[in-house]
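Results of the structural survey
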Amino acid sequence: MKRCEHCGEWFAPRYPKLKLCFSCFRKRERALAEYDSLLWELRLLRDENARLRTKAGAVPADMIGKLIRLCHPDKHGGSAMANDVTRWLLEQRN
Ligand SMILES: [Zn+2]
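Let us look at the overall build of the protein chain. Assigned secondary structure in the protein chain consists of 3 helices and 2 strands. Moving toward the C terminus, one meets the helices and strands of the protein chain in the order β-β-α-α-α. A compact globule built from 94 residues should have a C-alpha radius of gyration of about 12 Å, whereas the protein chain, at 27 Å, is more than 25% larger. Along the first, second and third principal axes, the C-alpha set of the protein chain runs to 75 × 30 × 15 Å. Counting across all 94 residues of the protein chain, residues that qualify as buried make up 15%.

Further remarks concern the packing of helix α2 (residues 61-71) against helix α3 (residues 80-93). Between α2 and α3, the shortest axis-to-axis distance is 9 Å and the interhelical angle comes to 165 degrees. Comparing the axis directions of α2 and α3 gives the class roughly antiparallel. As α2 runs across α3, the sense of the crossing is left-handed. Along the contact surface, α2 presents I64, L67, I68 and C71, while α3 presents A82, V85, T86, L89, L90, Q92 and R93. Residues that form the contact of α2 with α3 fall into these classes: 8 nonpolar, 2 polar and 1 charged.

On the surface, V59, M63, L67 and L70 cluster together into a nonpolar patch covering about 320 Å² of accessible area. By the element assignment, L67 lies in helix α2.

In this section: the domain arrangement of the protein chain. Split into domains, the protein chain comes out as domain 1 (1-58) and domain 2 (59-94). Measuring from the centre of the C-alpha atoms in domain 1 to the corresponding centre in domain 2 gives 43 Å.

The rules we used
- Residues numbered from 1 in each chain as written.
- Predicted model: local features only at pLDDT ≥ 70, side-chain atom pairs only at ≥ 80, totals over all residues.
- Heavy atoms only, no water.
- Helix = DSSP H or I, 4+ residues; strand = E, 2+ residues; numbered from the N terminus.
- Rg over C-alpha atoms; globule rule 2.2 N^0.38 Å.
- Buried < 20%, exposed > 50% of the residue type's maximum accessible area, 1.4 Å probe, protein only.
- Axes fitted to C-alpha atoms, helices over the stretch in contact; angles between N-to-C directions.
- Parallel < 35°, antiparallel > 145°, perpendicular 65-115°, else oblique.
- Left-handed = near helix turned anticlockwise from the far one by under 90°.
- Contact = heavy atoms within 4.5 Å.
- Nonpolar A, V, L, I, M, F, W, Y, C, P; charged D, E, K, R; others polar.
- Patch = residues over 30% accessible without salt bridge, like charges linked within 9 Å, V, L, I, M, F, W, Y side chains within 5 Å.
- Areas by Shrake-Rupley, 256 points an atom, 1.4 Å probe, with all protein chains shown as cover.
- Salt bridge = Lys/Arg side-chain N within 4 Å of Asp/Glu carboxyl O.
- Domains from an automatic or database assignment.

This is how it looks when you write it as structure tokens:
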């Protein structure tokens, strides 16, 4: 018998090198798998973010001015979407 390094429970190790009980071992495996998939997701989001930034950066300043005039909230009954887009366009201009 051995004491689990994580929870302190006694357990019968299948291999002499095992330091975690079966329950903690499985929890750790699951956490590692989740960590891997989160890292993967983060990498995808970073790529997507970089792609979008490049695209936004490629819009010429005069075009941003035209876009702001086009989607100005005054022309769209003050809609929330027009507000959001105008705010975002103004940020891109700075
Ligand atoms: Zn344990």
